[in-house]
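These are the residues of each chain, in order.
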Amino acid sequence: VCFMSGGLDCSITFVSHILGKVCVHGRQKEILGVLVPRLTDLTKSDCIWQRICWRLVECVPDRGMEAVVLGFVQRASGADTLSRLLGNLVVKNKKAQFVVTQKMLLLQYGHTTTVLQNLLGYLSLDSLRRTLLLRVLQELLETWSSSSAVKHSPAEQQLYISKAILICLSHLKEPEIESCRQVLLTSMMEGVKCHLDSSLPQLRRLGMVVAESISLKINTEGPILKFEYKEDDETRELKSLVVQTPPFCVVPSLPDDESEKAGAVLPLVPESNEKLHSAVPVMPDEELDAELDSDDDLIPYDMSEDKELKIKAPVYIRDCIEVLTGSGSEDVDKWEATVKALESLVRKNPAATREVSVELAKILLHLEEKTCIEGFVELRQRAQVAVLTTDPIPVVEYLTSQFYSVNYSLHQRMDILDVLVLAAQELSCPKFHGKTNHSGAQKPCMQLLPGSDSSKDWRKIVDERIKSKTRRFDMGQSHVEVASCPNKFNAVAGHFFFPLIQRFDRPLTTFDLLGEDHLVLGRLVHTLAILMYLAVNTVAVTAMGKALLEFVWALRFHTDSYVRQGLLSCVSSLLLSVPAEWILADMTEELLETQSWLGDVMEKDPDGDCRRLALQNLLLMENLKKKLEAVPS
């Protein structure tokens, strides 16, 4: 510094080479953890130190440029600090430009939100670098709106790119928005379509949030996009990135005399309330009486002892059918009472239900909500399950045939799958009775297919089954007395399973499972996995296992991650439900091919849940092999 201030030339190229070499060899944290804070302090008010710092990073060899730039970005306290330390490095050095505008934003996705804010804020703080900011935004939008990228990249990378887009939007100025308005609009329309087509709720929500933010930026005066979704911490964080907050927001304190003046100007709340009350004009009683209507003098009728008139629900199944379909449906109160009482009525009258079971199932499948009845969807679903468990074979044949029929919405088809799973669970699972020494010994109640995503509950099922097969040595085990009852699902498992798996590859005019309706395909795959799990110890379990393995093999390269998760769940259910001897006797070659495929999934699949499920299946296969080797020949 002394030489430079005295007008003498000096070179720091040697120091730059040392810095690059140290960072490349894995000592980035140690050297930059000391160097960056020191340079931050020195460059705050000294322009000579700023020039030294710029020259220091500019002379780093290309081989070490990535490690040095990444270390500076990660350890800088803010975008302004990074701008002081690096200057216009990204404009002068092509390697640094590639690292900052390509590698850290499009090829990597492990950096924190703070690093993204520092990086993109650095690009926005200089007119020469703002052209790079606009180019980066355009490339991010191209990736975000690419259907191939949405299908084949992990959800974590999609979230990372979405954050980068929103941070870029927060730095755009009005003239820049005007110049790239058409690009933003085109990318928004293409991107939101790709994300809404995804089967994963997180990706759909990401598309909605980013599209709303872009719409808000380009349509400041006109109508904007607005979606309905449940807000969580992730969506709130994303929305906060669009709003640029100043780094420091300190309210200056007033001197004592100024605060006294301010206190005199702003009166206390009670005093202001008194002034408001005193300002209200008081009207004479005669004028008030003149303004009152004659109805105000009437004494209200006492209705405190009135009771709500209860509508009597039908007591026969056929009466319920008449109310739900005939002229009786015009009576809204009676219709509501019928919907609420139908499940209990079906379970109390199984003989009468069997006479009209298919007709009742058809009515419930097409039943729509006429009034704002609380829990209508659940009431209808429970009634459908009651009808199906009362008369399984005819009703399940009707429902499985309707799943592949025309003129049904996707929601109705998914309702059919939910009903099949819940009914199969009720038919197959015995109930626990008796007391236990420890409350934790009760088997947890698991809902197999709630709402929009059954994969999480499927993992609970698999984990519970693996836990039950694991030997543990413990003192004071509790004993649960299981009531012996026949497995009613044994006789009907094939009726639930095989009609669903037979026609998945035959597209209809309005329904194509292998095409755009992959959301329903994902639900179908998860349903088959659960039915396979519930078919343990049944007669048809081996035939079901072979058919399911062929089904998995046909779809193993599906592009949708939700479908692949379901396929891996199918393999888990097969390994847990089919006896090991039968697996090796009837499916040896298929099992070896499946094992090879699982190894590829574990190493190469972009979805983290798929990799975890593949590893779990490989462990199950290994345990199966050890179990068979332990059996004496």
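Remember, predicted model here, so these are calculated numbers, not experimental data.

Two side chains bearing opposite charge may form a pair once their charged atoms approach each other closely. Within the structure shown, the criterion is met by 20 salt bridges. Note that Arg-347 is salt-bridged to Glu-343, the shortest N-O span being 3.4 Å. One end of the pair is Arg-347 and the other is Glu-343, both in helix H20 (residues 332–348) and four residues apart, which spans about a single turn. Look at Glu-343 and you get buried, because its relative accessible area is 18%. The partner of Arg-564 in a salt bridge is Asp-605, with the nearest N and O atoms 2.9 Å apart. Of this pair, Arg-564 sits in helix H30 (residues 561–577) while Asp-605 is found in the loop between helix H32 (588–604) and helix H33 (608–630), placing the two residues 41 residues apart along the sequence. With a relative accessible area of 10%, Arg-564 lands in the buried category. Beyond isolated ion pairs, a larger network of salt bridges with shared partners links Glu-343, Arg-347, Glu-378, Arg-382 and Glu-426.

Taken together, the side chains of Glu-550, Asp-586, Glu-589, Glu-590 and Glu-593 present a region of like negative charge at the surface. It is H32 that contributes the most residues to the negative patch, three residues altogether. Mapped onto the fold, Asp-586 is located in helix H31 (residues 580–586).

Now for the side chain of Asp-560. By the secondary structure assignment, Asp-560 is in the loop between helix H29 (541–555) and H30. No salt bridge is formed by the buried Asp-560, whose closest oppositely charged neighbour, Arg-564, lies at an N-O distance of 6.8 Å. Within the structure, the side chain of Asp-560 is placed 3.2 Å from the side chain of His-518, a separation counted as a polar contact. With residues near it in sequence (within four places) discarded, Asp-560 still touches Ser-199 and His-518.

Relative to the elements of secondary structure, Ser-170 occurs in helix H11 (residues 155–171). The buried category is assigned to Ser-170, whose relative accessible area is 8%.

Attention shifts here to the packing of helix H23 (residues 376–390) against helix H25 (residues 410–428). Two elements in contact, H23 and H25, have axes separated by 9 Å at closest approach and are oriented at 55°. Taken together, the axes of H23 and H25 lie oblique to each other. As for how H23 packs across H25, the hand of that crossing is right-handed. Seen from H23, the contacting residues are Arg-380, Gln-381, Gln-384, Val-385, Leu-388 and Thr-389; seen from H25, they are Asp-415, Asp-418, Val-419, Leu-420, Leu-422, Ala-423, Glu-426 and Leu-427. Looking at the contact of H23 with H25 residue by residue, the classes come out as seven nonpolar, three polar and four charged.

A surface patch of nonpolar side chains, about 310 Å² in accessible area, is lined by Phe-14, Val-15 and Ile-18. By secondary structure assignment, the location of Ile-18 is in helix H2 (residues 13–42).

Now for unusual backbone geometry. Positive phi outside glycine occurs at Asn-407, with the angle close to 65°. Note on placement: Asn-407 falls in the loop between helix H24 (392–403) and H25. Residue Asn-407 is classed as exposed on the basis of its relative accessible area of 71%.

Using the criterion set out here, one finds six aromatic pairs in the structure. Considering the side-chain rings of Trp-335 and Phe-376, the 6.0 Å spacing of their centres and the 25° angle between planes classify their relative orientation as stacked. Of this pair, Trp-335 sits in helix H20 while Phe-376 sits in helix H23, placing them 41 residues apart in sequence. A residue is classified by how much of its surface remains accessible, and Trp-335, at 0% relative accessible area, is buried. Note on Phe-497 and Phe-498: the rings are 5.4 Å apart at their centroids and 90° apart in plane angle, and the pair reads as edge-to-face. Through successive ring pairs, a cluster of aromatic residues spans Phe-403, Tyr-404 and Phe-511. Cation over ring: Arg-413 sits above Phe-511, and NZ or CZ is 4.0 Å from the ring centre. The cationic tip of Arg-556 hangs over the ring face of Trp-553; the distance from NZ or CZ to the ring centre is 3.8 Å.

Here we come to the packing of helix H3 (residues 47–58) against helix H4 (residues 62–75). One way to put it is that H3 packs onto H4 with a least axis distance of 10 Å and a crossing angle of 140°. Classified by the interaxial angle, the pair formed by H3 and H4 is oblique. Contacts between H3 and H4 involve Cys-53, Val-57 and Glu-58 from the former and Met-65, Val-68 and Phe-72 from the latter. Here the residues of the contact of H3 with H4 sort into five nonpolar, no polar and one charged.

Of all hydrophobic cores here, the largest spans 93 residues; its most connected members are Phe-489, Phe-496 and Leu-524. Per-element accounting of this core gives the leading share, 11 residues, to helix H28 (residues 518–534). Each of domain 3 (314–390) and domain 4 (423–429 + 486–632) accounts for three or more of the residues forming this core. When neighbours within four sequence positions are excluded, Phe-489 is seen to be in contact with Ala-424, Leu-427, Ser-428, Phe-496, Leu-531, Leu-534 and Ala-535. Grouped together as the second largest cluster of nonpolar side chains are 73 residues, Val-115, Ala-155, Met-188 and Leu-241 included.

Rules behind the numbers
Residues numbered from 1 in each chain as written. Predicted model: local features only at pLDDT ≥ 70, side-chain atom pairs only at ≥ 80, totals over all residues. Heavy atoms only, no water. Salt bridge = Lys/Arg side-chain N within 4 Å of Asp/Glu carboxyl O. Helix = DSSP H or I, 4+ residues; strand = E, 2+ residues; numbered from the N terminus. Buried < 20%, exposed > 50% of the residue type's maximum accessible area, 1.4 Å probe, protein only. Patch = residues over 30% accessible without salt bridge, like charges linked within 9 Å, V, L, I, M, F, W, Y side chains within 5 Å. Areas by Shrake-Rupley, 256 points an atom, 1.4 Å probe, with all protein chains shown as cover. Lys, Arg positive; Asp, Glu negative; His and termini not counted. Charge placed at Lys NZ, Arg CZ, Asp CG, Glu CD. Polar contact = N/O pair within 3.5 Å; in protein donor to acceptor, adjacent residues only side chain to side chain. Contact = heavy atoms within 4.5 Å. Axes fitted to C-alpha atoms, helices over the stretch in contact; angles between N-to-C directions. Parallel < 35°, antiparallel > 145°, perpendicular 65-115°, else oblique. Left-handed = near helix turned anticlockwise from the far one by under 90°. Nonpolar A, V, L, I, M, F, W, Y, C, P; charged D, E, K, R; others polar. Phe/Tyr/Trp six-rings, centres within 6.5 Å; stacked < 30°, edge-to-face > 60°. Lys NZ or Arg CZ within 6 Å of the ring centre and 35° of its normal. Core = buried A, V, L, I, M, F, W, Y, C linked by side-chain atoms within 4.5 Å. Domains from an automatic or database assignment.

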